[in-house]
Amino acid sequence: MKVSRRNLLFGAGSALLAQVVSALRPAHAQSGGHDQHSPTPPRTARDGRYTPVRTPNGWTLPYRMNNGVKEFHLVAEEIEHEFAPGSVAKCWGYNGSTPGPTIEAVEGDRVRIYVTNRLSEPTSVHWHGLLLPSGMDGVGGLTQPHIQPGETYVYEFTLVQHGTHMYHPHADEMVQMAMGMMGFFIIHPKDGEPERIDRDYAILLHNWALHPGTYRPDPSVMQDFDLWTFNSKVFPATEPLVARTGERVRVRIGNLSMWNHPIHMHGVQFLVTGGDGGRWKRELWRPEVTEIVGVGQTRDLEFIAVAGDWAFHCHMSHHTMGPMGHGIPNPLGVDQRGIEQEIRKMLPGYMAMGEHGMAEHQDHTDSGHMPGPENTLAMMAGKGPFGNIEMGGMFTVIKVRDDLAPGDYRDPGWYRHPPGTVARRVSGDPDFGSPTRRGTPATPSSDTLPTPKRGGHEGHH
Ligand SMILES: [Cu+2]
């Protein structure tokens, strides 16, 4: 489901509308000059001049001002959720979506959050990482009575910190989180950002046991999940992260799944600049290309955008794939002609790993030879300008272009590479050239083999 700001405006009452419009104003206030090297004028988030967070495939919860208090209203409920076209499930979430809408506020704000329980079992909401009075911490049975079906509770506290935080139930957690109940709680620093953040994205990591042919996630699964998601979507349904060349981009990652995820970005070295503990002191920042975001953690990744189409994904290779059976024998190198059809007579939906690798699966499904089971996705479904991308799950593309207007988040299509900058075929002959191969007899030309580089590692000491 996609809820744009436009939908929100139309859906909201007029009092709310004024709030939403004023909440949107910072986006436009940010649209001025974008010279990366000009000093950032001092400004504070209290002026309303922060870059609103954008939750790809998600949305931000509108609030209402009531005597200086920001009032939000969450509704815990069952929803119909589409992971990607072809895979729909009954999930649980907030206000019609999983993840629930992003709550966004500023350090120093007083917030009042109503929580209505429209589930058929008790729930509660824990504000993960927030510093607040113990009785507002949302642990059912420990710090409050459970919110019974049909009831509404209210939480109220002052935000005394900033950073990338989350919310989720602390009642029948195993089930409620497995069903999709979670969201971001982003708090901007009251003194503003030391460097202007031009685009501020937030991606929540999750995993789901939606067995092929079924319509409800299985909460009993502990390790062997079928779907690995960015904001509850799998590639290619994940929205791209769009930026203009030279912009400072922050991607906030939160993990409420059951696995740690090494989140990997192509094209740049990003800086890890913060997380649950707010924006870190500069001495703590680290240049990385992969950052493990552990379960229950958040991390902020910042970089200056470089033109191109750059893959952005979890580096656990099974996490960039759609549903598959893991308990299958390894038939790589085995001629399987005829065997799979025989097995499928007894085991509908059986899918052997390919003889040459798994990339052939997509060719099979594309050609209609392999209809998958009902309500499930191909393992790898994405298509790019050069062919199949052979990815699914926790994968998206960072699309950086020179000519984007500030604040334009529309998908700009595929990158047009400058001439001469794309890898290209030089031969179709497997005997092409005279590559050095270990263990093969020396060729007459062996005296001309390139000398191994010396000193390549010395620089590290
Ligand atoms: Cu992963």
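Computed from a prediction, not measured in an experiment: that's the story for all the values here.

**Student:** Explain the overall build of the chain residue by residue, including any values.
**Tutor:** In terms of helices and strands, the chain carries five helices and 23 strands. Looking at the chain residue by residue over its 461 residues, the buried ones come to 49%. For the chain, the proportion of contacts with a sequence separation of at least 24, taken over those separated by at least 6, is 74%.

**Student:** Can you tell me about the coordination of the copper ion, naming the residues and giving the values?
**Tutor:** Coordination of the copper ion by the protein is provided by His261 (ND1), Cys314 (SG) and His319 (ND1), with metal-donor distances spanning 2.0 Å. Sequence spacing of the donor residues for the copper ion, all on one chain, is H-x52-C-x4-H. Taken as a pair, Cys314 and His319 share a single burial class, namely buried.

**Student:** Describe the pairing of strand β13 (residues 248-255), with residues and values.
**Tutor:** Within β13, eight of the eight residues are buried, leaving the element largely enclosed by the surrounding structure. Bridge analysis of strand β10 (residues 199-208) against β13 gives seven bridges, and the strand direction is parallel. Across the sheet, residue Asp200 finds its bridge partner in β13, namely Arg250.

**Student:** Lay out the sheet that holds strand β4 (residues 103-106) with the relevant residues and their values.
**Tutor:** With mixed pairing, the four strands of this open sheet are ordered in space as β4-β9-β8-β6. For this open sheet the edge positions go to β4 and β6 (126-128), each flanked by a neighbour on one side alone. Across this sheet, the average inter-strand angle for adjacent strands is 25°, counted without regard to direction. Where β4 lies against strand β9 (residues 183-188), four bridges are found, and the strand directions are parallel. Opposite Ala105, over in β9, you have Ile187 as the bridge partner.

**Student:** Could you give me a rundown of the nonpolar core, with the residues and numbers involved?
**Tutor:** In this structure, Val251, Ile253, Ile263, Met265, Phe303 and Phe312 are the most contacted members of the largest nonpolar core, which totals 32 residues. If we ignore the near neighbours within four places in the chain, the residues touching Met265 are Val251, Phe270, Val289, Leu301, Phe303, Ala311, Phe312 and Ile398. Within the second largest apolar cluster, 28 residues are counted, among which are Trp92, Leu130, Leu159 and Tyr167.

**Student:** Give a description of the environment of Pro262 that names residues and reports values.
**Tutor:** As for its position among the elements, Pro262 is in strand β14 (residues 261-265). Classification of Pro262 as buried rests on a relative accessible area of 14%. Once the C-alpha coordinates of Pro262 and Gly294 are considered, the two residues, 32 residues apart in sequence, prove to be 8.4 Å apart. Excluding anything up to four places from it in sequence, Pro262 contacts Thr290, Glu291, Ile292, His313, Cys314, His315 and Met316.

**Student:** Now, about the pairing of strand β15 (residues 270-275): what can you tell me, with residues and values included?
**Tutor:** Judged by how many residues are buried, β15 sits mostly within the fold: five of six residues are covered. In this structure, β15 lies alongside strand β17 (residues 286-288), joined through three bridges in antiparallel fashion. Considered in β17, the bridge of Leu271 is made with Pro287. When β15 meets strand β19 (residues 298-304), the two strands line up antiparallel, connected through four bridges. Residue pairing for β19: Gly274 is matched across the bridge by Asp300. Here two bridges tie β15 to strand β16 (residues 278-279), and the two strands are oriented antiparallel to one another. Within the sheet, the bridge partner assigned to Gly275 lies in β16 and is Gly278. In this antiparallel pair of consecutive strands, β15 and β16, the connection spans two residues.

**Student:** Can you explain the packing of aromatic side chains? Please cite residues and give values.
**Tutor:** Aromatic ring pairs: the centre-centre distance and the angle between the two ring planes describe each pair. Counted under the stated rule, the structure contains 12 aromatic pairs. Judged by centre distance (6.0 Å) and plane angle (55°), the ring pair of Trp127 and Phe157 falls under tilted. One end of the pair, Trp127, is in strand β6; the other, Phe157, is in strand β7 (residues 152-158), with 30 residues separating them in the sequence. When the centroid spacing of 5.7 Å and the interplanar angle of 80° are considered together, the rings of Phe225 and Trp228 count as edge-to-face. The class for Phe225 is buried, based on a relative accessible area of 5%.

**Student:** Outline the sheet that holds strand β20 (residues 308-314), listing residues and values.
**Tutor:** The strand order across the open sheet built from five strands is β12-β23-β20-β14-β18, with neighbouring strands paired in mixed fashion. This sheet does not close on itself; its edge strands, each paired only once, are β12 (241-244) and β18 (290-293). With direction set aside, neighbouring strand axes in the sheet form an average angle of 20°. Judged from the six bridges that link them, β20 and strand β23 (residues 395-401) form a sheet pairing that is antiparallel. Directly across from Ala311, in β23, lies its bridge partner Val397.

What counts and how
- Residues numbered from 1 in each chain as written.
- Predicted model: local features only at pLDDT ≥ 70, side-chain atom pairs only at ≥ 80, totals over all residues.
- Heavy atoms only, no water.
- Helix = DSSP H or I, 4+ residues; strand = E, 2+ residues; numbered from the N terminus.
- Buried < 20%, exposed > 50% of the residue type's maximum accessible area, 1.4 Å probe, protein only.
- Contact = heavy atoms within 4.5 Å.
- Donors = N, O, S within 2.8 Å, 3.2 Å for Na, K, Ca; no water.
- Pairing = 2+ DSSP bridges.
- Axes fitted to C-alpha atoms, helices over the stretch in contact; angles between N-to-C directions.
- Core = buried A, V, L, I, M, F, W, Y, C linked by side-chain atoms within 4.5 Å.
- Phe/Tyr/Trp six-rings, centres within 6.5 Å; stacked < 30°, edge-to-face > 60°.

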